[in-house]
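# A structural walkthrough
Each chain, written out:
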Amino acid sequence: MNRDQAIEAFRLAHPAEFRWIMDNKGANGFARAMLQRAASPAGLTANMMAAVQRAIAQKPAAISIDKIETALRTAKSNGVEHPKLRLEAFTFSLAKAGGKNDGAIYVKAGDDYLGKIMGGRLSASQLCGAERQAAIIAAAADPEAAAEAYGKRTGVCSCCGRRLTAKESVKRSIGPICAEKFGW
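Residues numbered from 1 in each chain as written. Predicted model: local features only at pLDDT ≥ 70, side-chain atom pairs only at ≥ 80, totals over all residues. Heavy atoms only, no water.

## With respect to the packing of helix α2 (residues 15-24) against helix α4 (residues 46-57)
Viewed as axis vectors pointing N to C, α2 and α4 meet at an angle of 70°, and their least axial separation amounts to 10 Å. Judged on the interaxial angle alone, α4 and α2 are roughly perpendicular. Packed against α2, whose contacting residues are A16, E17 and W20, the element α4 presents M49, V52, Q53, A55 and I56 at the interface. Considered class by class, the residues forming the contact of α2 with α4 number six nonpolar, one polar and one charged. (Axes fitted to C-alpha atoms, helices over the stretch in contact; angles between N-to-C directions. Helix = DSSP H or I, 4+ residues; strand = E, 2+ residues; numbered from the N terminus. Parallel < 35°, antiparallel > 145°, perpendicular 65-115°, else oblique. Contact = heavy atoms within 4.5 Å. Nonpolar A, V, L, I, M, F, W, Y, C, P; charged D, E, K, R; others polar.)

Here it is as structure tokens:
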């Protein structure tokens, strides 16, 4: 059996797994490796097939990050070298320009990496359960309101991380300089 025949046989026998591999082979090294293995005479082992099925089950959640991305990019263009937004219990930051995840927004909780948002999808790490995913999606829906809620709850500016002390800053729950730099 040649390569094309092996791939066709795999496609017919495992359509959902084949579709996931083909949809993800461009940005996912694991998917590319599974495609190569599917094209080989040995095919996928039971463990490999189980891993692909787990990946299918963990389909990234759809998320609109337009507002977060706009705020972070506005801050970057206004001179903030490494802009971050602290919303809820999470920190959102831009991936390094020119890096392998250029265009992505990283999500962390403290030092815990929870995932990245890219192409309108949240690719969550194992540390990011369903409850955290829902909270991330809610914060992304209205980051300005989430930033103000964070400031009210913590007394800290959600953009720069400094304690809010000025009357105007405390009232708005975000510093006026940060509000301007982030476009709020």
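## Topic: the pattern of salt bridges
Two side chains of opposite charge can pair, provided their charged atoms sit close to one another. This structure, assessed with the given rule, holds four salt bridges. The partner of E144 in a salt bridge is R172, with the nearest N and O atoms 3.0 Å apart. Taken together, the positions of E144 in helix α7 (residues 143-154) and R172 in helix α8 (residues 167-172) put the pair 28 residues apart, joining distant regions of the chain. (Salt bridge = Lys/Arg side-chain N within 4 Å of Asp/Glu carboxyl O.)

## A word on helix α1 (residues 3-13)
Residues of α1 that are buried include every one of A6, I7 and F10, and no others. For α1, the arc enclosing every buried residue in end-on projection is 95°, short of the 170-degree limit, so these residues lie on one face. Facing away from the buried surface of α1 by more than 90 degrees, the exposed residues are D4 and L12. For α1, the side-chain oxygen to backbone nitrogen distance between the N-cap and D4 is 3.0 Å, and the N-cap itself is N2. (Buried < 20%, exposed > 50% of the residue type's maximum accessible area, 1.4 Å probe, protein only. Arc of directions from axis to C-beta. Polar contact = N/O pair within 3.5 Å; in protein donor to acceptor, adjacent residues only side chain to side chain.)

## Some points on the nonpolar core
In this structure, I68, L85, L87, F92, I117 and I136 are the most contacted members of the largest nonpolar core, which totals 31 residues. In terms of residue count, the dominant contributor to this core is helix α5 (residues 66-77) (four residues). Among all residues touching F92, those that are not within four sequence positions of it are I68, L72, P83, K84, L85, L87, I105, Y106, V107, I117, I136 and A139. L35, A39, L44 and M49 belong to the second largest nonpolar core, which has 14 residues in total. (Core = buried A, V, L, I, M, F, W, Y, C linked by side-chain atoms within 4.5 Å.)

## Thoughts on the pairing of strand β5 (residues 112-118)
Of the strand pairs in this sheet, strand β4 (residues 105-109) and β5 are connected by five bridges, and their pairing is antiparallel. Across the sheet, residue K108 finds its bridge partner in β5, namely Y113. The hairpin turn running from β4 into β5, its antiparallel successor, is two residues long, and G110 in that turn takes a positive phi close to 65°. Linkage of β5 to strand β6 (residues 121-124), two consecutive antiparallel strands, is achieved through a turn of two residues, within which G119 is found at a positive phi near 60°. (Pairing = 2+ DSSP bridges.)

## Quick notes on the packing of aromatic side chains
Summed over all chains, the structure comprises three aromatic pairs. Residues W20 and F30 carry aromatic rings whose centres are separated by 6.0 Å and whose planes lie at 55° to one another, so their mutual orientation is tilted. Taken together, the residues span a long stretch of sequence, with W20 in helix α2 and F30 in helix α3 (residues 29-38) at a distance of 10 residues. Residue F30 is classed as partly exposed on the basis of its relative accessible area of 31%. (Phe/Tyr/Trp six-rings, centres within 6.5 Å; stacked < 30°, edge-to-face > 60°.)

## Details of the packing of α1 against α2
α2 packs onto α1 with a crossing angle of 120° between their chain directions and a minimal axis gap of 5 Å. As judged from the angle between their axes, α1 and α2 are oblique. Contacts between α1 and α2 involve I7, F10, R11, L12 and A13 on the former and, on the latter, P15, E17, F18 and I21. Class assignment for the residues of the contact of α1 with α2 results in seven nonpolar, no polar and two charged.

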